[in-house]
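Spelled out, the chains give:
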Amino acid sequence: MSDTPRTAIVTGGARGIGAAIAERLAADGHSVAVIDLREEDTADVVGRIRAAGGTALGVGANIADEEQAKAAVERVAAELGAPTILVNNAGIIRDNMLFKMTKDDFESVLGVHLTGNFFMTQAVQSHMVEAKFGRIISLSSTSALGNRGQTNYSAAKAGIQGMTKTYAIELGKFGVTANAIAPGFIETDMTKATAERVGVPFEDFIKGAVSQIPVARSGRPEDIAHTASFLASEGAGFVSGQVIYVAGGPKA
Ligand SMILES: NC(=O)c1ccc[n+]([C@@H]2O[C@H](COP(=O)([O-])OP(=O)(O)OC[C@H]3O[C@@H](n4cnc5c(N)ncnc54)[C@H](O)[C@@H]3O)[C@@H](O)[C@H]2O)c1
């Protein structure tokens, strides 16, 4: 039996991992709100979902801004119905070695990954509690375990794991689960930007990453979307407060 169709929100859904998750949740039968900084950037993924017969809505919002996050959730509830699946995927990197990292590099990364996650989850949780069903899925990273040049990002991704466990504890009795996915190396614009920063052609950067990955290939956005689909499913209702590393092996 297939799951009840729900309303899902995917933040940072205009491209990369978020776009793949949005398309997968739509293929699973859910109506999907694709939130990204600029509404026009969501047009491609929204168009692909609709062309495949699904329901999607593009919403422009900076999730690190409390008012914009709240307004985005209200618009989704009004146009698609109460959201009961939330994928906190939006993210940025501002990599630099510790001795060169600025306060702005540090705070802007925490602002999107942690404060943005908090604003979105707080705005959506009342809909989940009322529905007695909810799935909160947040993107952590293998960088939570530490990564050169990522003091800010590793703090944010480790913080997401702590928030996830707290959401799981507080909201469990309302039928709401909260889990984190910690991807390893996934080929997206984000990893392309990292390759540019370290001055390595993307193809060589991918080869270097793959040489460290036990399954001997790089990750694809669809690998993460598959895990998100599982965590969003009704059958995953006894899985909560977990961090699933999706990295082609036990570590990045
Ligand atoms: N690519 C990887 O290897 C990898 C590995 C581990 C974790 N992750 C995490 O997965 C998530 C997606 O990564 P990706 O590689 O697809 O990144 P990406 O840079 O390709 O996409 C991120 C999206 O988030 C949006 N975004 C950024 N700030 C926002 C804000 N304040 N409000 C709304 N939208 C915002 C961007 O506009 C962009 O569309 C991120 O949380 C990232 O940290 C990625």
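Residues numbered from 1 in each chain as written. Predicted model: local features only at pLDDT ≥ 70, side-chain atom pairs only at ≥ 80, totals over all residues. Heavy atoms only, no water.

S.K.: If you had to explain the site of the ligand to someone new, which residues and values would you point to?
M.R.: What surrounds the ligand is a group of 28 residues, the closest being Arg15, Asp36, Asn89, Tyr153 and Thr188. Interatomic distance of 3.3 Å between a backbone N/O atom of Gly184 and an oxygen atom of the ligand. Contact with the protein chains removes 94% of the 830 Å² of surface that the ligand exposes when unbound. Residue assignment for the shell around the ligand shows that the elements contributing at least two residues are helix H1 (16-27), helix H4 (103-131), helix H5 (151-171) and helix H6 (189-198). When residues in the shell around the ligand are grouped by element, the largest group, 3 residues, is from H6. Class assignment of the residues belonging to the shell around the ligand gives a composition of 13 nonpolar, 11 polar and 4 charged. (Near = heavy atom within 4 Å. Polar contact = N/O pair within 3.5 Å; in protein donor to acceptor, adjacent residues only side chain to side chain. Areas by Shrake-Rupley, 256 points an atom, 1.4 Å probe, with all protein chains shown as cover. Helix = DSSP H or I, 4+ residues; strand = E, 2+ residues; numbered from the N terminus. Nonpolar A, V, L, I, M, F, W, Y, C, P; charged D, E, K, R; others polar.)

S.K.: Lay out the pattern of salt bridges in plain terms, naming residues and giving numbers.
M.R.: All told, the structure shown has 12 salt bridges when counted by the stated rule. With a closest N to O distance of 3.8 Å, Lys192 and Asp189 form a salt bridge. Residue Lys192 and its partner Asp189 are both found in helix H6; the two are separated by 3 residues, about one turn of the helix. Using a relative accessible area of 35% as the deciding quantity, one classes Lys192 as partly exposed. Look at Asp189 and you get partly exposed, because its relative accessible area is 35%. The shortest N-O distance in the salt bridge between Asp223 and Arg217 comes to 2.9 Å. (Salt bridge = Lys/Arg side-chain N within 4 Å of Asp/Glu carboxyl O. Buried < 20%, exposed > 50% of the residue type's maximum accessible area, 1.4 Å probe, protein only.)

S.K.: Outline the pairing of strand S3 (residues 56-60), listing residues and values.
M.R.: With respect to burial, S3 is a largely interior element, 4 of its 5 residues being buried. Bridging between strand S2 (residues 31-36) and S3 involves 5 bridges; their strand directions are parallel. Paired with Asp36 across the two strands is Gly60, which belongs to S3. With respect to chirality, the unit in which S2 leads through helix H2 (residues 43-51) into the neighbouring parallel S3 is right-handed. (Pairing = 2+ DSSP bridges. Right-handed = clockwise from strand over helix to strand, strands pointing away.)

S.K.: Which residues make up H2, and what values go with them?
M.R.: Residues spaced three or four apart along an α-helix point in a common direction, a consequence of the helix completing one turn every 3.6 residues. All buried positions along H2 are accounted for by Val45, Val46 and Ile49. Viewed end-on, H2 has its buried residues packed into an arc of 100°, placing them on one side of the element. Exposed side chains of H2 directed beyond 90 degrees from the buried face belong to Asp44, Arg50 and Ala51. Taken together, the buried residues of H2 touch H1, S2 and S3. Gly53 sits one or two positions beyond H2 and adopts a positive phi of about 95°. (Arc of directions from axis to C-beta. Contact = heavy atoms within 4.5 Å.)

S.K.: Let's hear about the packing of aromatic side chains: which residues, and what values?
M.R.: Counted under the stated rule, the structure contains 2 aromatic pairs. Between Phe118 and Phe119, the ring centres sit 5.7 Å apart and the planes meet at 40°, which makes this aromatic pair tilted. Seen from the ring of Phe133, Arg6 lies directly overhead, with NZ or CZ sitting 3.5 Å from the centre. (Phe/Tyr/Trp six-rings, centres within 6.5 Å; stacked < 30°, edge-to-face > 60°. Lys NZ or Arg CZ within 6 Å of the ring centre and 35° of its normal.)

S.K.: So, the side chain of Asp36: which residues are in play, and what are the values?
M.R.: Its location among the elements puts Asp36 in strand S2. Buried charge without a salt bridge: Asp36, with Arg15 as the nearest opposite-charge side chain at an N-O distance of 6.5 Å. Residues contacting Asp36, with those up to four places away along its chain left out, are Gly12, Gly13, Ala14, Thr42, Val59, Gly60 and Ala61. (Lys, Arg positive; Asp, Glu negative; His and termini not counted.)

S.K.: I'd like a rundown of unusual backbone geometry, residues and numbers included.
M.R.: Residue Lys132 is not a glycine yet carries a positive backbone phi of 55°. Within the secondary structure, Lys132 is located in the loop between H4 and strand S5 (134-139). In this structure Lys132 comes out as exposed when scored by relative accessible area, which is 57%. One non-glycine residue, Ala216, lies in the positive phi region at around 60°. Assignment of secondary structure puts Ala216 in the loop between helix H7 (202-210) and helix H8 (221-232). Residue classification places Ala216 among the exposed residues on the basis of a relative accessible area of 55%.

S.K.: An account of the sheet that holds strand S7 (residues 243-246) is needed here, citing residue identities and associated values.
M.R.: Ordered in space as S3-S2-S1-S4-S5-S6-S7, the 7 strands form an open sheet in which the pairing is parallel. Looking at strand neighbours, the two that pair on one side only are S3 and S7, the edges of this open sheet. With strand direction ignored, the average angle separating the axes of adjacent strands in the sheet is 20°. Pairing between S5 and strand S6 (residues 176-183): 6 bridges, direction parallel. Bridge assignment links Leu139 to a residue of S6, and that residue is Ile181. Sheet contacts for H2: S2 and S3; angle to S3, the most-contacted strand, approximately 170°. The sheet contacts of helix H3 (residues 66-80) involve strand S1 (7-11), S2, S3 and strand S4 (83-88), and relative to S3 the element is tilted by about 155°. (Axes fitted to C-alpha atoms, helices over the stretch in contact; angles between N-to-C directions.)

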